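Summary of structural features
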Amino acid sequence: MPKMRAVQVPSARAPFEIVERDIPEPGPGTVRIKVQACGICHSDTVTKDGLFPGIEYPRVPGHEVVGVIDAVASGVPRWTAGKRVAVGWHGGNCGYCDACRRGNFFACQSFTAITGVTSDGGYAEYMIARAEALALVPDELSPVEAAPLVCAGVTTYNCLRNAGARPGDLVAVVGLGGLGHLGVQYAAKAGYRTVAIGRGKDKEAFARELGAKFYIDNQTQDPAAELQKLGGAKVILATLTDGDAMAAVVGGLGAYGSLMVIGATPSLTVSPIQLIFGNRSVTGWYSGTSIDSEDTMAFSVLSGVRSMNEVFPMERAAEGYEHMMSGRARFRAVLTMGS
Ligand SMILES: [Zn+2]
Ligand SMILES: [Zn+2]
């Protein structure tokens, strides 16, 4: 039996271990991918710390996977060996439940498939993926470039493009980390009057390099008041995991403005008065499915948007994970599979 190396979580909250496993065989409706790169995402804590009910261990994390199809099982139309593909958080859907029949594949009622959570993910030399979860990677993107785009990228891009802003509208991005540095780029390239909101004056030059037209330092300025001076935001993309910093910007929304929440903060307190006067809303946004990932990568090629990445070989996954969790990563961490 041919073997591969994988990085697995043996049980909830246990340290990563590098193990030798049998190379998995794809079952009906799936393909096997020879992994080239896999991003390390903050949401890998779901696997590392056992935050998803019923998660089975040992489990290989990783849901920002890029590689080449090397085996195709039965019941897989369209995909062939040799195609370069990416797999994100959305690990698949049934296609026949009511939610799927309405096109809401992310809300599939038959099963929840999350790459690297309900099945083994991309911290390995090979992984199995369901066919509907595959996104074609454009030739212009290297594996390391593409990997963060199918989680951090699609989450910010797909949220912004569905948030109701039109070119020229005021759009603010709160936070300049792994999600925010992509959000500012996508907002600017989409033609919005883009405001970056970060902590400290020292981030301003960087925010402007990313394409921000305006910068608000939320340590010394009131972000809501500053946004109102600019006319009020149509959309504010909240990438932080700090509920207080999110609440502080709600007053910066214009009429019919939306706070789009993609940072998984435990709680967020908003005054109903703020929502009622101005018909404002607070909306959560799920990442996206495989076609959204393809659109994200295509737009990134078209516009030149790229994630800034620190690269670690797979053997140093634990170090890369700690680096990402510490908040020191500039701005995403990506694993590469050597052999
Ligand atoms: Zn992720
Ligand atoms: Zn379904």
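Data block above holds the structure.
Report follows, based on the coordinates. (Residues numbered from 1 in each chain as written. Chains lettered and ligands numbered in written order. Predicted model: local features only at pLDDT ≥ 70, side-chain atom pairs only at ≥ 80, totals over all residues. Heavy atoms only, no water.)

This part covers the coordination of the zinc ion (ligand 2). Every protein donor of the zinc ion (ligand 2) is accounted for by Cys94 (SG), Cys97 (SG), Cys100 (SG) and Cys108 (SG), and the metal-donor separations fall at 2.3 to 2.4 Å. In this structure, the zinc ion (ligand 2) is coordinated by 4 donor atoms arranged in tetrahedral fashion, with angles at the metal of 104 to 118 degrees. Mapping the donors of the zinc ion (ligand 2) onto the primary sequence gives the spacing C-x2-C-x2-C-x7-C. The two residues Cys97 and Cys100 agree in class, both being buried. (Donors = N, O, S within 2.8 Å, 3.2 Å for Na, K, Ca; no water. Tetrahedral: all angles 85-135°; square planar, octahedral: opposite > 155°, others 65-115°. Buried < 20%, exposed > 50% of the residue type's maximum accessible area, 1.4 Å probe, protein only.)

This paragraph deals with the pairing of strand E15 (residues 332-336). Taking burial as the measure, the 5 residues of E15 include 4 buried ones, the bulk of the element. As paired elements, strand E3 (residues 30-40) and E15 share 4 bridges and run antiparallel to each other. The residue of E15 that forms the bridge with Ala37 is Thr336. As defined by bridge partners, strand E14 (residues 309-313) adjoins E15 across 5 bridges and the pair is classed as parallel. (Helix = DSSP H or I, 4+ residues; strand = E, 2+ residues; numbered from the N terminus. Pairing = 2+ DSSP bridges.)

Next up on the list: the coordination of the zinc ion (ligand 1). Within the protein, the zinc ion (ligand 1) binds to Cys41 (SG), His63 (NE2) and Cys151 (SG); these donor distances fall in the range 2.0 to 2.2 Å. Sequence spacing among the residues donating to the zinc ion (ligand 1) works out to C-x21-H-x87-C. Highlighted residues: Cys41 in the loop between E3 and helix H1 (45-48) and Cys151 in the loop between helix H3 (143-146) and helix H4 (152-161), separated in sequence by 110 residues. A relative accessible area of 8% places Cys151 in the buried class.

Within a sheet, adjacent strands bond to each other through the backbone by hydrogen bonds, running parallel or antiparallel. Read across the open sheet, the 6 strands follow the order E10-E9-E8-E11-E12-E13; overall the sheet is parallel. Looking at which strands have only one partner, the edges of the open sheet turn out to be strand E10 (214-217) and strand E13 (281-284). Here the average twist between neighbouring strands, direction ignored, is 20 degrees. As defined by bridge partners, strand E11 (residues 233-238) adjoins strand E12 (residues 253-261) across 5 bridges and the pair is classed as parallel. The residue of E12 that forms the bridge with Val235 is Ser258. Packing against the sheet, H4 makes contact with strand E8 (170-174), E11 and E12, and its axis sits at approximately 160 degrees to E11. Across the sheet, helix H5 (residues 180-189) touches E8, strand E9 (193-198) and E11, and the angle it forms with E8 is around 170 degrees. (Axes fitted to C-alpha atoms, helices over the stretch in contact; angles between N-to-C directions. Contact = heavy atoms within 4.5 Å.)

Moving on, we get to the side chain of Thr47. Tracing the backbone shows Thr47 in helix H1. Setting aside chain neighbours within four positions, we find Thr47 in contact with Val9, Ile55, Tyr57, Arg59, Pro61, Gly116 and Val117.

Time to look at the pairing of strand E5 (residues 84-87). Across the two faces of E5 the burial is the same, with Arg84 and Ala86 and Val85 and Val87 all buried. Looking at chain direction, strand E4 (residues 65-72) and E5 are connected through 4 bridges and run antiparallel. Paired with Gly67 across the strands is Val85, a residue of E5.

In this structure, the largest pocket spans a volume of roughly 1,300 Å³. If you go around the largest pocket, you meet 46 residues; those closest to its centre are His42, Leu179, Thr239, Leu240 and Thr241. Secondary structure elements with two or more residues in the lining of the largest pocket: H1, E9, helix H11 (317-325) and E15. When grouped by side-chain class, the residues that make up the lining of the largest pocket number 22 nonpolar, 18 polar and 6 charged. (1 Å grid on protein atoms, 1.4 Å probe; cavity = no way out; pocket = protein on both sides within 12 Å on 5 of 7 lines; lining within 4 Å. Points joined across faces, edges and corners; volume = space filled by probe spheres on them. Nonpolar A, V, L, I, M, F, W, Y, C, P; charged D, E, K, R; others polar.)

Take the environment of Leu160 next. Structurally, Leu160 can be placed in helix H4. Expressed as a C-alpha distance, the spacing of Leu160 and Pro61, which sit 99 residues apart in the sequence, is 27 Å. Leave out the neighbours within four places in its chain, and Leu160 touches Val171, Gly183, Tyr186, Ala187, Tyr192, Val235 and Leu237.

Counted at 1.5 Å a residue, the expected span for helix H10 (residues 290-303) with its 14 residues is 20 Å, and the 20 Å between its end C-alpha atoms agrees. Of all the positions in H10, only Ser290, Asp292, Ser293, Glu294, Thr296, Met297, Phe299, Ser300 and Ser303 are classed as buried. Where H10 is buried, its residues contact E5, strand E7 (135-136), H3, H4 and H5. At the C-terminal side of H10, Gly304 shows a positive phi close to 85 degrees. (Expected span 1.5 Å × (residues − 1).)

Let us look at empty space enclosed by the protein. For the structure shown, the criterion picks out 1 cavity of 30 Å³ or more. As a volume, the largest cavity reaches approximately 50 Å³. What lines the largest cavity is a set of 14 residues, and nearest its centre among them are Gly88, Gly288, Thr289, Ser290 and Ser293. Breaking the lining of the largest cavity down by element, the ones donating at least two residues are E5 and H10. Classifying every residue of the lining of the largest cavity by side-chain character gives 7 nonpolar, 7 polar and no charged.

Don't take any of this as a statement about function, it's just geometry.
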